[in-house]
Amino acid sequence: MSRERLEHFRLRSMDQGQLTGAAIAVNAVSDSLLMQHIGVGCKHKTTSQLSTHDTGRRLAGNTGWTEVGDRELIEGASVRLGPYTRSWVERRDPGIVYVASVTFIELTGEDDKQAIADLDAALPIPVLKLDLPGYEGDVFSGYAHTLRRTLERLAWSGAPGSRDRVGVVGYLFDRHEGDHRGNLAELTRLVKAVGGTLGGVGFDGGAFGDLDALTGCGTLLAWPYLGDEREAVTRLTGRTLTPVPFPMGLGATDAFLRRVAEAAGLDLAAAERTLRALRAQAEGQLQVARNQLAGQRVAVFAEPPLAAGWVGLLQELGMQPVLVGLKGHTLGREEAFEAALRQAGHAVPRGLTVVSEPSLARVREEVSARLAAGRLDGVVGSATDHNTLTSLPPERFLGAWAGRRPQGAGPFLLESGFPCKRYHCTRDMPFLGYEGVVVQAQRLLDAPRAWDSGRVKPRM
Amino acid sequence: MVVATEAETQAADEAFWKRMEKRREKRLGQPCCTQSGMSWTMIDVPGDFAVVIHGEFDCVNCFHHHVGRSAHRYYSTRLSEADLTQGTTEEALEELLRLIAEHERPEAVLVLGTCPVEVINAPYLETVERVAAETGVPMVGLRTSGLALTSMPKMLDWLYVTLAKLPPGPPVDARWRREVARLALQAAFTEAIDPSGDDALAGFAEAVGRLTAAGDGLPEDAPRVNFLGLPEQEGRVPEPVLVLHKAGVAVNGTYPDGASLSSWRAIHHAAHTFVVDEGMYRKLTKRLKRGGQAVHALPPPVGIERTLAMYRVIGEATGRTEALMALVEPVAAQLRRKVAAFRRHARGIRLGYTLRMNNTYTTQALAHDGLGEVLALQELGFDLRLYIQGGGEPAVRAAHAEALAAHGVEVPFDTFTGPSAAVEALVRDRVHLAMVEDTVIEGTRRAGIPVLELRSLDPYLSGVSANLTRLTRALGQARRRSA
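Residues numbered from 1 in each chain as written. Chains lettered and ligands numbered in written order. Predicted model: local features only at pLDDT ≥ 70, side-chain atom pairs only at ≥ 80, totals over all residues. Heavy atoms only, no water.

## Thoughts on the sheet that holds strand E6 (residues 197-202) of chain A
Residue and element names in this part refer to chain A. Quick note on the threshold: Only strands joined by at least two bridges in the DSSP assignment are considered to pair. A run of H or I in DSSP becomes a helix once it reaches four residues, and a run of E becomes a strand once it reaches two; helices and strands are each numbered from the N terminus. Only the stretch in contact is used when fitting a helix axis, every axis being a line fitted to C-alpha atoms; angles between N-to-C directions are given from 0 to 180 degrees. We call two residues contacting when some pair of their heavy atoms lies within 4.5 Å.
Judged by pairing direction, the sheet is parallel, and its four strands sit side by side in the order E6-E5-E7-E8 without closing on themselves. A strand with exactly one partner marks an edge of an open sheet, and here the two such strands are E6 and strand E8 (241-243). Shown here is a sheet whose adjacent strand axes are inclined to one another by a mean of 30 degrees, direction ignored. With four bridges connecting them, strand E5 (residues 165-169) and strand E7 (residues 219-222) associate as parallel partners. Directly across from valine 166, in E7, lies its bridge partner threonine 219. Its contacts with the sheet place helix H10 (residues 230-237) against E5, E7 and E8, and it is angled at close to 155 degrees to E8.

As structure tokens, then:
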């Protein structure tokens, strides 16, 4: 039996499932209520997973739980949905309710569909059932599914607005913090700069009612995180959805704006002049970062769109991505990652190792080997990736065991993705657009180190 | 079709609510999923082991992966819908267990069940037993899930007795290991042991040799003891371990916080085990007693008097009372003067403390029904009020009063239904200072009430000064509110 097969079973760099993705999506709707028709431990898949990552809004205050245990399962769990949902709606006065269940309840053949349909009919607000099996999909498919179910409740039958009014469908709003505020501000700025208007974003942290703005957009952009739901969303809206590159990095932002200008029927020549001017402005702020960061070798652990964004951005700063661990699978694997890089005008870096859905053991192994060989300077990843590295011994780069005076520092650790434990944005700090490149360059300059002797060898 | 009126629906809902609360309302602890709790606990245990979650992959999300030293030791059988509905769950489990045995060969494998395999009654305990026998790797199957609701203390006790039942290992000298680590860092960063000369390695080896020859410095016949449920002091060796060593008592291990897999396997190398809240470890202490250990109850060691009481119990059991009290009484005398001064300032300050909302698997938080800190706060002179989550029916209140009295807590209490109701109660009672759990903190702060987090009081005598400093700062805020 091969060791490689063991990798399939190991806990992964990102092993969150659809229920977590749904919780992230529900949290992105500011007047939502999540009714969890689940067991007691399953609660951790929602609020606990988000509690570290999002300091801006507490989903815990906007969730109910139907407290299903063995007794309730035997007596019939669906009957609990009515009283619990009504009670929580009365307490919280939400604009929309989402009901999520789990596999073990579904296994008993409970007809929660009818219970939820009855609630939807009786209450003055939408009550949506989410279908999120815990044995398939990933966090991204859970998010996209929840978005799609929400979009089904908007009125798409009216005539779309003008083409230059642009809507984004599939934006991954995973916390109410300055990174996303910054992203949305930057996207608004950029779309306006090329002659359009950003009319609506699903999701963007606003209330359910605010999503109606999407129906008035004449151009709808399919964000990469819409994933496999794009076809379904195309059908339900009756509109064309234009796939766009994930605008992280200079080249990717150029490509994004060109696609937006084309899809929205804007003046392409004017758009091109504008984006070049904006890019030049950003480039003018990157010289110090390029000088300091040039040549540093970096490992990136992220889902394909974010991974491609980081690899492109790092290359634009003169850094050298050497290892990529791709998270999840519903947003694609290596092919999707490479296609996203090419869209942004980048080639796959020579010698880059790409691993799909790495386990935490694999993350440790790959990073440790490169540290031991002196071939890694930084790791971009989530708190989960960084945590698994903290038990690696620091002696390889502190010099003590080589008979040299201990000095230097371990790899820099830059938090990105889900979840972030230390990195919280109290002000607008985008990672998208041209401004995003400048901000992330600053972060790379300031990034903390895994271990730091506090000593640097003096240069003559 | 009969459609209920709104009034009928409301009446039916109310009756439903009352039925539901009866199952758990009289207990002070939170219900828990045993899989989630055990996974969460083991993820920070150091050691060579594997934890297998037997279920769909999403069952691994009942605990965090971004904390703890052992996340890379976890596995999931990643059962599919077909596995669950066609009964092929055991093929995946057997394959995984054999892969672990062949390629990792850890000292132990824990296999945790989940709700899906529980619902289909998968025979995984037999699978685990058979593969363990055939491969020679110790493997234990545990019928965990979120279905049979139990309490967090019971779940932890079950996990700990499981670890204590693993094949025994040699004694673990944690002190030796700490000293070697300290020496290594010293060698690396200072000239105390010259790291750059020809004798670098020899110098270091000599220092280590001197250390190991000295052993822990105690005679062979020194009493050897375990601690169970001793509160941790972050980044420090717990005070009782240091004090006991000075008094000539060897500490075999401190459990469960900070214990490694090796420590658990060495738990039987002690004559005495001292327990904070024996009620939390019924199965484990029964096992230790069966192995010939004497088990002694300790009061929660937060605050002066209870910490001194703890040392007296240890002294009596080990015949070291005089030596122990000679070390701690002078310190306690100084601290009593400080506490007396503090009590004068705390008089009249109403402090609200919430109970039974806390989702936690830490022993310090669960011991004595979460009342450890409350007892210390009583010592400090606050006008203390407790707020317990749950129903407010007379029978429930009577049960709470009884539970509190059993722990020696005689303060007013009230009940509340959820986070916002807790804040309303704190405001209604004009509380000056609140110690509340995290889902209530935001609302309490917005209501203008200064907040201290739960479990922010340090234990032992060495924690008293820090507690007084922290509480004095909080008192300042509370006095401004009461003005």
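So, next bit.
## Comments concerning the interface of chain B and chain A
What counts here: Two parts placed together each lose some accessible area; with a 1.4 Å probe, that loss summed over both constitutes the buried area. One side-chain nitrogen of Lys or Arg within 4 Å of one carboxyl oxygen of Asp or Glu is enough to make a salt bridge. For this analysis, a polar contact is any N or O atom pair within 3.5 Å, provided that within protein one partner can donate a hydrogen and the other can accept it, and provided that sequence-adjacent residues contribute only side-chain to side-chain pairs.
Each partner contributes residues to the interface: chain B has 65 residues there, and chain A has 67 residues. Here chain B and chain A share an interface that buries about 5,900 Å² over both sides, 58% of which is from carbon and sulfur atoms. One salt bridge in this structure joins B:Arg78 and A:Asp15, with 2.7 Å as the shortest N-O distance. Run the count over chain B and chain A and you get 24 residue pairs in polar contact (both at pLDDT 80 or more). Per element, the largest residue contribution to the side of chain B that touches chain A is eight residues, and it comes from helix H4 (residues 89-103) of chain B.

## Quick look at the pairing of strand E12 (residues 378-381) of chain A
All names here are of chain A. Cut-off, in case you're wondering: For the exposure calls, accessible area comes from a 1.4 Å probe over protein chains only, and a residue counts as buried if that area is under 20% of its type's maximum, exposed if over 50%, partly exposed in between.
Residues Gly378 and Val380 of E12 are buried on one face, and the alternating residues Val379 and Gly381, pointing to the opposite face, are buried as well. Judged from the three bridges that link them, strand E9 (residues 297-302) and E12 form a sheet pairing that is parallel. Across the sheet, the residue bridging to valine 298 is glycine 378, located in E12. Pairing of E12 with strand E13 (residues 412-415) involves four bridges; the strand directions are parallel. Bridge pairing in E13 places glycine 381 opposite glutamate 415.

## Examining the packing of aromatic side chains
Geometry of an aromatic ring pair is reported as the spacing of the ring centres plus the angle between the planes. Convention followed: Geometry of aromatic contacts follows a simple scheme: Phe, Tyr and Trp rings, the Trp one being its six-membered ring, pair when their centres are within 6.5 Å, and the pair is stacked under 30 degrees between planes, edge-to-face over 60, tilted otherwise. Our definition puts a charge over a ring when NZ of Lys or CZ of Arg is within 6 Å of the ring centre and also within 35 degrees of the ring normal.
All chains considered together, the criterion is met by 13 aromatic pairs over all chains. Both rings, one in B:Tyr160 and one in B:Tyr281, keep their centres 6.2 Å apart while their planes meet at 35 degrees; by these two values the pair is tilted. Of the two residues, B:Tyr160 is situated in helix H7 (residues 152-164) and B:Tyr281 in the loop between strand E9 (272-276) and helix H12 (282-290); the sequence distance between them amounts to 121 residues. Judged by relative accessible area, which is 1%, B:Tyr281 ranks as buried. Connected via pairs of aromatic rings, a cluster forms that spans A:Phe140, A:Tyr171, A:Trp223, A:Tyr225, A:Phe246 and A:Phe256. Looking at A:Arg91, its charged tip hangs above the ring of A:Trp88, at a distance of 4.6 Å from the centre.

## Regarding empty space enclosed by the protein
The condition that has to hold: With a 1 Å grid spanning the protein atoms alone, the term cavity applies to any set of points in which a 1.4 Å probe fits but cannot get out, the term pocket to an open set with protein on both sides within 12 Å along at least five of seven lines, and the term lining residue to any residue with an atom within 4 Å of a point. Grid points are joined across faces, edges and corners, and a volume is the space filled by probe spheres set on the points. Each residue receives one of three labels: charged for Asp, Glu, Lys and Arg, nonpolar for Ala, Val, Leu, Ile, Met, Phe, Trp, Tyr, Cys and Pro, and polar for the others, Gly being one of them.
Tallied over the entire structure, the rule returns four cavities of 30 Å³ or more. For the largest cavity, the calculated volume is near 320 Å³. Contributing to the lining of the largest cavity are 31 residues, with A:Asp174, A:His180, A:Leu306, A:Gly417 and A:Phe431 lying nearest its centre. Elements supplying a minimum of two residues to the lining of the largest cavity: helix H2 (18-27), helix H8 (139-151), helix H9 (178-193), helix H14 (304-316) and helix H19 (433-446) of chain A. Partitioning the lining of the largest cavity into residue classes produces 18 nonpolar, seven polar and six charged. Surrounding the second largest cavity, 16 residues form its lining, A:Cys42, A:Lys45, B:Cys59, B:Cys62 and B:Cys115 being those nearest its centre. For the lining of the second largest cavity, the secondary-structure elements that each account for two or more residues are helix H6 (103-107) of chain A together with helix H5 (115-119) of chain B.

## A short note on the sheet that holds E9(A)
Residue and element names in this part refer to chain A. Spatially, E11-E10-E9-E12-E13 is the arrangement adopted by the five strands of the open sheet, whose pairing is parallel. Lying at the two open borders of the sheet, with one neighbouring strand each, are strand E11 (353-356) and E13. If you compare each strand with its neighbour and ignore which way they point, the axes differ by 15 degrees on average.

## Side note on the confidence of the model for chain B
Put simply, the test is: Each residue carries a pLDDT value, the predictor's own confidence for that position, ranging from 0 to 100.
This prediction gives chain B a mean pLDDT of 86; 87% of its residues lie at or above 70. In the model output, the complex is listed with pTM 0.89 alongside ipTM 0.95.

## Remarks on the nonpolar core
Operational definition: To form a nonpolar core, buried Ala, Val, Leu, Ile, Met, Phe, Trp, Tyr and Cys residues must be joined to one another through side-chain atoms within 4.5 Å.
Core analysis: the largest hydrophobic core is formed by 113 residues, its most contacted members being A:Phe203, A:Trp223, A:Trp310, A:Phe337 and A:Leu444. With seven residues, the top contributor of residues to this core is H14(A). Setting aside residues up to four positions removed in sequence, A:Phe337 forms contacts with A:Pro304, A:Ala307, A:Ala308, A:Val311, A:Val324, A:Leu326, A:Leu352 and A:Val354. Residues B:Leu298, B:Ala376, B:Leu384 and B:Leu457 belong to the second largest nonpolar core, which totals 55 residues.

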